[in-house]
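One-letter residues, chain by chain:
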Amino acid sequence: MNTIDIHLRAARPLDRIFNDPDQIVEDGIRGYLLAHPDILAGTNNPRVLRRAHKTATRKVGVITGGGSGHEPAFLGYVGRGLLDAVAIGEIFSSPTAASFLDAMREADNGAGVVCLFGNYAGDTMNVRLAVDDATREGIAVGTVVANDDVASAPKDDAARRRGVAGEILMWKAAGARAEEGASLEEVLATARKAIDNTRSIGVGLSPCTIVANGHPNFMIEAGTMEVGIGHHGEPGVEISKLGSSREIARMMCDHILPDLPFTAGDEVTVLVSGLGATPVIELYVLFADIADIMRERGITIRHNFVGNLFTSLDMKGVTLTVMKLDAELDRLMSHPAHAIGLTRVGNAPENPVVAAPAATAHDQGAHGALAETERYIPAAGIAIENTRAVVPALVSAIVGARDWLSEIDGKIGDGDHGINMAKGFARCGQALGDTPPTMEGGLRALSDSLMAGIGGSMGPLYGRFFEGLAKPLAGVTHIDAHLFGLMLDGAEAGIRSLGNADVGDKTLMDTLVPAVKAYHAAEGQGLKAALAAMSVAAGQGRDSTRDLVARIGRASRLGERSRGVLDAGATSCCLILQTMAASLSGIAEA
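None of the values given here were measured: they were computed from a predicted structure.

J.: So what's going on with the environment of Ala-111? Which residues, and what values?
T.: Position of Ala-111 relative to the elements: it lies in the loop between helix H2 (97-107) and strand S5 (113-118). For Ala-111 and Ile-39, which are 72 residues apart along the polypeptide, the C-alpha to C-alpha distance reads 22 Å. Setting aside residues up to four positions removed in sequence, Ala-111 forms contacts with Arg-58, Lys-59, Val-60, Leu-184, Ala-356, Pro-357, Ala-358 and Ala-359.

Here it is as structure tokens:
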């Protein structure tokens, strides 16, 4: 298994600059560190960067994390007056829980840490796991989730809104407040105030291409614009005819200004960011038109940031972010800062004049502990010694389906499902080598590889899935029908420990739950019959997602536009279950 190749099956010509498409994040990080040694420093975790010069005074640490491809976000905002450390994910994919935890460790110097991140399922899961681990280590961590995108959900359902470029202003406010020597609670309150008073909307003019995919995941017809587009290409509220800059500016302001609302007499910060391929001069054309509208409405722009500040690879388009100011936020926007993505000149001490109050955490138990499973040791069945090929078969199946899974994901997601899954599974296969362990050891290695390696939502979900699947195997010498049923129960419990998705939500649960039920219904007929029933039900569950409207996760914001497409997670779950069924059935026949 150590020769697995997860690169593109056939070369696709791309007018892009890269070496290995699957190593573009690592290569980019190396370039950032070489170019900016006065701002950024590496750590023992290659996916975590920190400020080059740590403050000598105790202060609250401020961190974030997110997928690559949005540069200068997220690593470009590590620096004085902003972030202390950052966790870095794959392209458009959340960092792993391990990376978030290491960023918390790097940023902590006794006053606690605030983690400020966007409202995406993968980030939420991985931050939650990291906070649990940090708490056990005594690090006090508070979190604030950005939800500034007005197009991603109605105002009365604001908790579902995405975090987009408004995160930059939240980082700016919290980072400056921490530099003033504020306490953990005070920095958290400032971050909440900042994002609560911030609204954003994006307009997409062309799609973007993940290099490892080699093609766009979606299309925007020439002469049209996607109003409310997300930073991963998620569709917005409508497709409109492309208008002039003045028309775009007015449309964006008409969405944003009534939402808070912003009214005459307000003072604001305005941030205009390109999405990667928009010429900078066009951003300034739009800013001028936005400034005219603000003046018409009696709103004063106190601070402005214009440029490619939160991008989406090579997408053409723009986001507008507006923050309503009070005296505190006005002061914090003016506070000096020095990072790759944002610099504010001014006189400020290198270290806080006042040390922040000390803050530590007391372990109050993990949120996501796996449910206890029945202890059962079968006397007969498939010998554990004969199961060494099961996990390598899973690795081969997922790696082989890499492009197919990414193609499915690209239709209503960001197209990285197959890429990330294949990376995590391939790393496991390479670690197992030519003499893989029995099924228990292989499943635990797979869990570790996914939890530590692929991030997004699938990293923790499948990490817990395989952890739960392996748990009943401890100390047993055989697998029979009842034991494998317990393994499936453990896998389902692992998924449920991290979220509330269920059948009908267009997720992997649409495959897993009916497959587990079908297995148990046939369990009395023996292992092979139950595995066959599970395999059939898994396929039916996968296919059922084609007609569903997504209710959870990134695709849930698409509404009816998510119907008619298979769910990528349900598809990979089906492949995993059917591969295990075929492998174990083959062993039973031998």
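J.: Quick rundown of the side chain of Arg-161? Include the residues and the values.
T.: For Arg-161, the position within the fold is in the loop between strand S6 (141-146) and helix H4 (166-179). Among the residues examined, Arg-161 registers a relative accessible area of 2% and is labelled buried. Within polar-contact distance, the side chain of Arg-161 engages the side chain of Asp-259 at 2.9 Å.

J.: Break down the pairing of strand S2 (residues 48-51) for me, with residues and values.
T.: For strand S1 (residues 40-42) and S2, the ladder comprises three bridges, and the chain directions are antiparallel. Bridged to Ala-41 within S2 is Arg-50. The turn joining S1 and S2, which pair antiparallel and follow one another in sequence, is formed by five residues. Direction of pairing for S2 relative to strand S4 (residues 85-91): antiparallel, over a ladder of three bridges. Bridged to Val-48 within S4 is Ala-87.

J.: Tell me about the packing of helix H10 (residues 402-412) against helix H11 (residues 417-432), residues and numbers included.
T.: The interhelical angle for the contact between H10 and H11, taken along N-to-C directions, is 145°, at an axis separation of 6 Å. Where H10 approaches H11, its residues Arg-402, Leu-405, Ser-406 and Asp-409 are matched on the opposing element by His-417, Gly-418, Ile-419 and Ala-422. Counted by class, the contact of H10 with H11 contains three nonpolar, three polar and two charged residues.

J.: Run through the pattern of salt bridges, naming residues and quoting values.
T.: Under the definition given, this model contains 39 salt bridges. Between Glu-26 and Arg-47 there is a salt bridge, with its nearest N and O atoms 2.7 Å apart. Of this pair, Glu-26 sits in helix H1 (residues 24-35) while Arg-47 sits in the loop between S1 and S2, and the two are 21 residues apart along the sequence. A salt bridge links Glu-90 to Lys-423; its shortest N-O distance comes to 2.9 Å. Here Glu-90, found in strand S4, pairs with Lys-423, found in helix H11; they are 333 residues apart in sequence, far enough to count as distant. Both residues of the pair, Glu-90 and Lys-423, count as buried.

J.: Summarise the sheet that holds strand S3 (residues 61-68); cite the residues concerned and give the values.
T.: Taken in spatial order, the six strands line up as S1-S2-S4-S3-S5-S6 in an open sheet, and their pairing is mixed. What marks the edges here is a single partner per strand, and that holds for S1 and S6. In this sheet, adjacent strand axes meet at a mean angle of 25° when their direction is disregarded. Both S3 and S5 contribute to a ladder of three bridges, which runs parallel. Looking at the pairing, Gly-61 lines up with Val-113 of S5. Taken strand by strand, H2 contacts S2, S3, S4, S5 and S6, and its axis lies near 150° from that of S3. Against the sheet, helix H5 (residues 184-196) engages S3, S5 and S6, with an angle of about 5° to S6.

J.: Summarise the packing of H5 against helix H8 (residues 327-334); cite the residues concerned and give the values.
T.: Between H5 and H8, the shortest axis-to-axis distance is 11 Å and the interhelical angle comes to 95°. Judged by the inter-axis angle, H5 sits roughly perpendicular to H8. The residues of H8 that touch H5, namely those facing Thr-190, Lys-193 and Ala-194, are Glu-328, Leu-329 and Leu-332. Per-class residue counts for the contact of H5 with H8 are three nonpolar, one polar and two charged.

J.: I'd like to hear about helix H17 (residues 568-589), residue by residue, with values.
T.: Taking 1.5 Å of rise per residue, 22 residues should cover 32 Å, and H17 covers 32 Å from first to last C-alpha, within 8% of that figure. Among the 22 residues in H17, 17 count as buried, and that is most of the element. At the N-terminal end of H17, a side-chain oxygen is found 3.1 Å from the backbone nitrogen of Gly-569, two or three residues along, and the residue is Asp-567.

J.: For unusual backbone geometry, give the residues involved together with the corresponding values.
T.: Residues apart from glycine generally show negative phi values, whereas peptide bonds are mostly found in trans. The peptide bond linking Glu-71 to Pro-72 adopts the cis configuration, its omega dihedral lying at 10°. Positionally, Pro-72 belongs in the loop between S3 and S4. A cis geometry characterises the amide bond from Leu-260 onward to Pro-261, with omega recorded as 5°. Relative to the helices and strands, Pro-261 is located in the loop between helix H6 (245-256) and strand S10 (267-274). In this model, Leu-313 sits at a positive phi of 55°, which is unusual for a non-glycine residue. Along the chain, the position of Leu-313 falls in the loop between strand S11 (300-307) and strand S12 (317-324).

J.: Could you give me a rundown of the state of the cysteines, with the residues and numbers involved?
T.: This structure, assessed with the given rule, holds zero disulfides. In this structure Cys-573 is a free cysteine whose sulfur lies 7.6 Å from that of Cys-574, the closest cysteine sulfur available.

J.: So, the nonpolar core: which residues are in play, and what are the values?
T.: Ranked by internal contacts, the top residues of the largest apolar core, which has 66 residues, are Phe-466 and Phe-484. At nine residues, H17 tops the list of elements feeding residues into this core. Not counting the four nearest positions on each side in its chain, Phe-466 is found in contact with Leu-394, Phe-425, Leu-443, Leu-446, Ser-447, Leu-450 and Ile-576. Among the nonpolar cores identified, the runner-up in size contains 64 residues, and Leu-184, Val-187, Ala-194 and Phe-305 belong to it.

J.: Can you tell me about the sheet that holds strand S7 (residues 198-204), naming the residues and giving the values?
T.: Taken together, the six strands give an open sheet; going across it, the order is S9-S8-S7-S12-S10-S11, and neighbouring strands pair in mixed fashion. In the strand order of this sheet, the two ends are held by strand S9 (238-241) and S11, each with one partner. Within the sheet, the average angular offset between the axes of one strand and its neighbour, ignoring direction, is 20°. For S10 and S12, the ladder comprises seven bridges, and the chain directions are antiparallel. When the sheet's bridge partners are listed, Val-268 is paired in S12 with Lys-324.

Calculation criteria
Residues numbered from 1 in each chain as written. Predicted model: local features only at pLDDT ≥ 70, side-chain atom pairs only at ≥ 80, totals over all residues. Heavy atoms only, no water. Helix = DSSP H or I, 4+ residues; strand = E, 2+ residues; numbered from the N terminus. Contact = heavy atoms within 4.5 Å. Buried < 20%, exposed > 50% of the residue type's maximum accessible area, 1.4 Å probe, protein only. Polar contact = N/O pair within 3.5 Å; in protein donor to acceptor, adjacent residues only side chain to side chain. Pairing = 2+ DSSP bridges. Axes fitted to C-alpha atoms, helices over the stretch in contact; angles between N-to-C directions. Nonpolar A, V, L, I, M, F, W, Y, C, P; charged D, E, K, R; others polar. Salt bridge = Lys/Arg side-chain N within 4 Å of Asp/Glu carboxyl O. Parallel < 35°, antiparallel > 145°, perpendicular 65-115°, else oblique. Expected span 1.5 Å × (residues − 1). Disulfide = S-S within 2.5 Å. Core = buried A, V, L, I, M, F, W, Y, C linked by side-chain atoms within 4.5 Å.

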